[in-house]
2 protein chains.
Amino acid sequence: MQSYGIKALLEKGKDLLLQEVVVNGWVRSFRSNRFIALNDGSTINNIQVVVDFENFDESIIKQISTAASLQVKGEVVESEGAGQDIEIVAKEIKILGTAPSDDLKGTILQPKQHSLEILREQAHLRFRTNVFAATMRVRNALMFGIHKYFNENGFVYINTPIITGSDAEGAGEMFHITNLDMENLPKNEEGKVDYTQDFFGKSTNLTVSGQLEGETAAMGLGKIYTFGPTFRAENSNTSRHLAEFWMIEPEVAFFRLDQNMDLAEDFMKSVITYAMETCKDDLKFLAERFDKEQKQKPEAERSELGLIERLEYVLNNKFIRLTYTEAIDILKDSKPNKKGKFKYPIEGWGADLQSEHERYLVEKHFKTPVILFDYPAEIKAFYMRMNDDGKTVRAMDVLFPGIGEIIGGSEREERLEVLDEKMEKFGIDKEELWWYRDTRRFGSVPHSGFGLGLERLVLFVTGMGNIRDVIPFPRTPNNAEF
Amino acid sequence: MQSYGIKALLEKGKDLLLQEVVVNGWVRSFRSNRFIALNDGSTINNIQVVVDFENFDESIIKQISTAASLQVKGEVVESEGAGQDIEIVAKEIKILGTAPSDDLKGTILQPKQHSLEILREQAHLRFRTNVFAATMRVRNALMFGIHKYFNENGFVYINTPIITGSDAEGAGEMFHITNLDMENLPKNEEGKVDYTQDFFGKSTNLTVSGQLEGETAAMGLGKIYTFGPTFRAENSNTSRHLAEFWMIEPEVAFFRLDQNMDLAEDFMKSVITYAMETCKDDLKFLAERFDKEQKQKPEAERSELGLIERLEYVLNNKFIRLTYTEAIDILKDSKPNKKGKFKYPIEGWGADLQSEHERYLVEKHFKTPVILFDYPAEIKAFYMRMNDDGKTVRAMDVLFPGIGEIIGGSEREERLEVLDEKMEKFGIDKEELWWYRDTRRFGSVPHSGFGLGLERLVLFVTGMGNIRDVIPFPRTPNNAEF
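If you're wondering where the values come from, they're calculated on a predicted model, not measured in any experiment.

1. Description of the domain arrangement of chain A
Residue and element names in this part refer to chain A. What the domain assignment lists for chain A is domain 1 (1-102) and domain 2 (129-170 + 207-318 + 367-467). For domain 1 versus domain 2, the distance between C-alpha centres works out to 43 Å. Opposite the six residues of domain 1 that make contact, domain 2 presents six residues. Of the roughly 490 Å² buried at the junction of domain 1 and domain 2 (both faces included), carbon and sulfur atoms supply 43%. Connecting domain 1 to domain 2 are zero salt bridges. Applying the counting criterion to the domain 1 and domain 2 interface returns three residue pairs in polar contact (both at pLDDT 80 or more). In terms of residue class, the side of domain 1 that touches domain 2 is built from one nonpolar, four polar and one charged.

Printed below as a string of structure tokens:
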């Protein structure tokens, strides 16, 4: 007798009519002592198992309850219910694990509506809810779509180090790593902590970005990408920040900024397309959730588009490319700026753009994703390539509806003498980054890359509102449970 | 004029005859002021660029030297050289970055033989060497092959947390993470470090395994896998240990141990097949390196098989499955045991197997990969499912030639009362693992999984001898450079 996952079973559908099959799963509901909705996590859809109670011991029937786990042997028959082609008439039912309803009290497995906040507190159980399981399957599709895109385009996946002795990039506050006895720290002659006795013989941190190491790899392998966890020890308790998140950073030798923009646009469209093609049912469910959530918002804050429409809008529009300077002109003359509606009014060139400005450009002005480029050197990182004007750098930010900046990147400064000048200006330690400078000493080449925060992308595609609901076990200030 | 990566250019080969193309790359060699071997990292093969020095300024010719970077425009013509179909006759050469030979002194970019140890010290430059670039491309293929296998088989990729508040599993020494001021640690009333003031409000560590969190995900999503960095703060300065390495951990609801073994075997064969199909040239190069290295070893230590043969031997043989008890009997009666050749003689049941025993079974006795299962409960982890004999657990180790244990896994203990007993016996804090216990309280199901260290697999497939040479920036005691 063939065993099937529920997704495969439903896909085969009527091809399996009258066959005997085995399925495993958890009970989502048990109606009228007769209809079990069984789910095994492979799909958001349940298979209906029909139980003729006369054929089973009462003790078995009693143990069939929400959240219990079963193995069912039975015959596939045509379903009379709406929305399903087939169902299974049970011949044998084995209770794998019981879930008495008294035990479920206080857990999110109880069959009623639970808030996303409560789900988060029981993160170990929320994989069994539709909303989180759907989000995880979409996240999975996005991750595979990313690997697939890079693989098909000749990129080499590079694992840059998580533990780093370098804290030079200054992308954010870092977590410290140590193997010293915290209750009894060894001190050196100056009375400071003696890191020479630590595991790595020096002070080490968790990485904030793999870019600099990624650049060294691109200088040999040509096209590379990193995809790994990165960390920020910043006390930001917002719906957009995590202390631990996953980042994707492609880096390409010989690419100038325009090719970098082409890559970013093609990459985003491919990955979103892949998720839409492979997660239809999950996205349909999430789109319905999104609609309901929008209706509860004040009208002014509602998304003009539904979830699927918003994704299609990104796929079907060419991303508008304009310089920071052009964007500032538009924003300065914009209605919200003139009417004092921006929290951070735009007074002139040089201002750092805030999320409100980015969203105005994308959602109101252009109504399409936007790539801004050529930012003032002062507000961007030291490694970005200086333009001939001496005041802007070849930075680019990709802005998305509902999200604002989703990708940040640049052409890198490949000229050693210009890089050195910038490092001095930004107070970056040249000695510490000797290896980074080395890549500009021997056959330096133009190159470009960008960074994408995975969870921001998952937020965009799933329509979820809080970043803690798109990663299995979120790490935030005062929270490292599980 | 079309721009090509060198891999794509060589693959198109004679289809491009007489076309004008653009290629970028680094000079590997420049012979007779006429023949440039150009490489861009996309393949181990170089494209030959022919320079007629009469057509170029002497200043350009002078800057063409090993490690310099160029952009070449030219015509594709048939090559008269051996081992190449085509070459490019240069029409324009742009020097992107020079590499004066004086500057290269002391670097691994100098055109001579460098030891792997020296390459490691210049890890930021070794991406430009054949041996390391080939290794990275094979590593990349293995990683993609892993994602592809799981994706095609319905597994959901789950990112388990890197920062963990739990240190209960006891898989190894952990690194401590903190955001406290190390020079001025806050103390509580008892005079101990006050972790309530730390970023997460408690003491946190770097993960040693995502398995326990992965199990919670499988309890909802059915089939999942983790693939991320894991850490060991162990002072092991060996060719087989890293403080930071990448681990793959599938976990499957409803799987018993025999299905877990089927999965492990099919998975390994698929992934290795994928790498062999997609990295032919790199593996050919690495196989030649492997042969040379073997010849330098004492005869007794040499591999009986070449690199490719060893891979094929894994693919073409069914993995032998036998119990720990059967293995002990074989080992006890074996020649090396009787002649006292084992460093750790096998005296009887209960002994932990060492690498020498595992390799004897694989390389001498069975001459095929081996899966050992049903180990003594005492020498395995608390979460492995107890057999009815009350003394063995449903553990499994997959043993490979030249490597020994490459996969370790088990069926998990799904019975709460048995798990609780084991936790008590092993001194595991039940309070701390409340969430792990929860998964056995509500619809518990049989489930199984295993762990594979990525770098061990890369060692096996590339034939490299030191684990530090198969990861971009190795972390080992006293070494967190870059």
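On we go from here.
2. Some words on the sheet that holds strand β10 (residues 204-206) of chain B
Taken together, six strands build an open sheet; the order of strands is β8(A)-β10(A)-β9(A)-β9(B)-β10(B)-β8(B) and the sheet is antiparallel. Either end of the sheet is taken by a strand with one partner, and the two such strands are β8 (163-164) of chain A together with β8 (163-164) of chain B. Pairing of β8 of chain B with β10 of chain B, which is carried by two bridges, proceeds in the antiparallel orientation. Among the inter-strand pairings, Thr 164 of chain B is bridged to a residue of β10 of chain B, identified as Asn 205 of chain B.

3. Description of the sheet that holds strand β17 (residues 447-453) of chain B
All names here are of chain B. Spatially, eight strands are ordered β7-β11-β12-β17-β16-β15-β14-β13 in an open sheet, and the strand pairing comes out mixed. Of all the strands in the sheet, just β7 (156-157) and β13 (320-323) have a single pairing partner and so form its edges. The pairing of strand β12 (residues 244-253) with β17 spans five bridges and is antiparallel. Bridge pairing links Val 252 to Ser 448 in β17. Strand contacts of helix α5 (residues 130-152): β7, β11 (223-231) and β12, with the helix running at about 150° to β11, the strand carrying the most contacts. Relative to β12, helix α6 (residues 211-221) is tilted by about 30°, and along the sheet it contacts β7, β11, β12 and β17.

4. Looking at the environment of Glu 189 of chain B
Residue and element names in this part refer to chain B. Within the secondary structure layout, Glu 189 lies in the loop between β9 (176-178) and β10. On the basis of relative accessibility, which here comes to 88%, the residue Glu 189 falls in the exposed class. For Glu 189 and Asn 260, which are 71 residues apart along the polypeptide, the C-alpha to C-alpha distance reads 50 Å.

5. Topic: the relation of the copies chain A and chain B
Each copy of the sequence occupies a distinct position, and chain A is placed on chain B by a rotation of 180° and an axial shift of 0.0 Å, giving an RMSD of 0.0 Å. Between the two chains, the operation in question is that of a two-fold axis. Ranked by how close their C-alpha atoms come to the rotation axis, the residues of chain A are headed by Ile 177 of chain A, at 2.3 Å. When the interface residues of chain A are mapped onto chain B, 100% of them are again interface residues, pointing to one common binding face.

6. Observations concerning the packing of helix α8 (residues 280-295) of chain A against helix α9 (residues 307-316) of chain A
Residues and elements named next belong to chain A. Axis separation between α8 and α9 bottoms out at 8 Å; the angle between their running directions is 115°. Classified by the angle between their axes, α8 and α9 sit roughly perpendicular to one another. Every residue of α9 that contacts α8 at Leu 283, Leu 286, Ala 287 and Phe 290 is listed here: Leu 307, Ile 308 and Arg 310. Looking at the contact of α8 with α9, its residues break down into six nonpolar, no polar and one charged.

7. Structural notes on the confidence of the model for chain A
Residues of chain A with pLDDT of at least 70 account for 99%, and the chain-wide mean is 96. We note a pTM of 0.98 for the whole complex and an ipTM of 0.97 for its interfaces.

8. Some thoughts on a negative patch on the surface
Residue and element names in this part refer to chain A. Taken together, Glu 288, Asp 291, Glu 309 and Glu 312 make up a surface patch of like negative charges. Of all the secondary-structure elements, those providing two or more residues to the negative patch are α8 and α9. Tracing the chain through its elements places Asp 291 in helix α8.

9. Some details on the nonpolar core
In globular proteins that are soluble, nonpolar side chains generally tend to be buried together. Membership of the largest hydrophobic core comes to 313 residues, with the highest contact counts inside it found for Ile 93 of chain A together with Ile 93 of chain B. Leaving out residues up to four positions away in the same chain, Ile 93 of chain B has contacts with Ile 36, Val 51, Phe 56, Ile 60, Ile 64, Leu 70, Gln 71 and Val 72 of chain B. Leu 185 and Val 193 of chain A together with Leu 180 and Leu 185 of chain B belong to the second-largest nonpolar core, a separate cluster that totals ten residues.

Cut-offs applied
- Residues numbered from 1 in each chain as written.
- Chains lettered and ligands numbered in written order.
- Predicted model: local features only at pLDDT ≥ 70, side-chain atom pairs only at ≥ 80, totals over all residues.
- Heavy atoms only, no water.
- Domains from an automatic or database assignment.
- Contact = heavy atoms within 4.5 Å.
- Buried area = accessible area lost by both parts, 1.4 Å probe.
- Salt bridge = Lys/Arg side-chain N within 4 Å of Asp/Glu carboxyl O.
- Polar contact = N/O pair within 3.5 Å; in protein donor to acceptor, adjacent residues only side chain to side chain.
- Nonpolar A, V, L, I, M, F, W, Y, C, P; charged D, E, K, R; others polar.
- Pairing = 2+ DSSP bridges.
- Helix = DSSP H or I, 4+ residues; strand = E, 2+ residues; numbered from the N terminus.
- Axes fitted to C-alpha atoms, helices over the stretch in contact; angles between N-to-C directions.
- Buried < 20%, exposed > 50% of the residue type's maximum accessible area, 1.4 Å probe, protein only.
- Least-squares fit on C-alpha atoms with pLDDT ≥ 70 in both.
- Parallel < 35°, antiparallel > 145°, perpendicular 65-115°, else oblique.
- pLDDT = per-residue confidence, 0-100.
- Patch = residues over 30% accessible without salt bridge, like charges linked within 9 Å, V, L, I, M, F, W, Y side chains within 5 Å.
- Areas by Shrake-Rupley, 256 points an atom, 1.4 Å probe, with all protein chains shown as cover.
- Lys, Arg positive; Asp, Glu negative; His and termini not counted.
- Charge placed at Lys NZ, Arg CZ, Asp CG, Glu CD.
- Core = buried A, V, L, I, M, F, W, Y, C linked by side-chain atoms within 4.5 Å.

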